[in-house]
Structure formats: structure tokens, C-alpha cells
Amino acid sequence: VQLQASGGGLVQAGGSLRLSCAASGRTFSSYAMGWFRQAPGKERQFVAAINWSGGSTYYADSVKGRFTISRDNAKNTVYLQMNSPEPEDTALYYCAADYRPSIVVLTTTRDYDYWGQGTQVTVSS
């Protein structure tokens, strides 16, 4: 599967932004999906994950209550709605996929086989 992330940009703290990740292939609904981010000089970190059906989600503590992950299997797309972003959320955001048609959500980089190219999010104070 190939992943194309989009929707990044410059946003003011307290605003909102929605990232999208479009996937190729006809079996998107069998993939667990995740969002990760990487700030300059830091390791890539987990942000949010969703299972194949959308029935299970999981968030990093730092974004819980502010970000929402969702998916539209008919459109082969996963989303990350970012509400009330903070300057600390500034990073390159990546989407990731792994073939996993189960209730499991995946939260580490090594769980995922496929990665998008990243989309930059910059939050100004």
C-alpha cells in the first residue's frame, strides 16, 4: 500500500487543522493505521492509532482530548483532526499502515510496514 499525507501547514495555537492520509490499494479496510510525528532533533513519536474498522482508537497522552483519529474506508483515507494545537505539536507528521484486520491498534513505529512521506505542521503561539 502507498500512503500520501496532506493537510499540514501553519496554524495558530488554539486553532484547528485536519490531516489526511490517502492510501492506494483495494484492501485498505484490512489495515491498521497510525499517525506519528517527528520534531527536529527528536525521535519519531506515536500520536494516534485506529484499527481496521475504526472501532478502536488510541492516543498519546499529550494529544488526548485535543486530537481525533478517524477513517473512511470507502475513501481509503484516514484523518487526524487537530483541535487546540500547541506550539509543542509542531513536527513533521507521518501516517503509517500495517495489514492487521483485527481489533488491535498499533502504537510503535516497528509495528508498521508502510509509511507516508510526511506533512509539516507548524503551530505558532
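Keep in mind it's a predicted model, so treat the numbers as computed, not measured. (Residues numbered from 1 in each chain as written. Predicted model: local features only at pLDDT ≥ 70, side-chain atom pairs only at ≥ 80, totals over all residues. Heavy atoms only, no water.)

S.K.: Residues and numbers for the sheet that holds strand β3 (residues 16-23), please.
M.R.: Each strand in a sheet pairs with its neighbour through backbone hydrogen bonds, running either in the same direction (parallel) or in the opposite one (antiparallel). Within the open sheet, the 4 strands sit side by side as β1-β3-β8-β7. Their pairing is antiparallel. In this open sheet, the two strands that pair with only one neighbour each are β1 (3-6) and β7 (67-72). Strand-to-strand, the axes of this sheet are offset by a mean angle of 15°, without reference to chain direction. Note that β7 and strand β8 (residues 77-83) share 6 bridges and pair antiparallel. (Pairing = 2+ DSSP bridges. Helix = DSSP H or I, 4+ residues; strand = E, 2+ residues; numbered from the N terminus. Axes fitted to C-alpha atoms, helices over the stretch in contact; angles between N-to-C directions.)

S.K.: Please give an account of the state of the cysteines that cites residues and values.
M.R.: The tally for this structure, following the rule as stated, stands at 1 disulfide. One disulfide bridge connects C21 with C95, the sulfur atoms lying 2.1 Å from each other. One quick way to see it: the torsion about the S-S bond of C21 and C95 is about 60°, and its sign makes the bridge right-handed. Of the two residues, C21 sits in strand β3 while C95 sits in strand β9 (residues 91-99), which places them 74 residues apart along the sequence. (Disulfide = S-S within 2.5 Å.)

S.K.: Mind laying out the packing of aromatic side chains, listing which residues take part and the relevant values?
M.R.: For the coordinates displayed, the defined rule picks out 7 aromatic pairs. Geometry around Y94 places R44 over its ring, the cationic atom sitting 3.7 Å from the centre. (Phe/Tyr/Trp six-rings, centres within 6.5 Å; stacked < 30°, edge-to-face > 60°. Lys NZ or Arg CZ within 6 Å of the ring centre and 35° of its normal.)

S.K.: Can you explain the nonpolar core? Please cite residues and give values.
M.R.: Considering soluble globular proteins, one finds that nonpolar side chains tend to be buried as a cluster. Grouped together as the largest cluster of nonpolar side chains are 35 residues, with contacts concentrated most on M33, W35, L80 and Y93. Of all elements in the fold, only β1, β3, β4 (31-38), β5 (45-50), β7, β8, β9 and β11 (119-124) reach the threshold of two or more residues within this core. Not counting residues within four places of it along the chain, the set of residues in contact with M33 comprises L3, C21, F28, A48, A49, I50, I69, R71, V78, A96, A97 and Y112. (Core = buried A, V, L, I, M, F, W, Y, C linked by side-chain atoms within 4.5 Å. Buried < 20%, exposed > 50% of the residue type's maximum accessible area, 1.4 Å probe, protein only. Contact = heavy atoms within 4.5 Å.)

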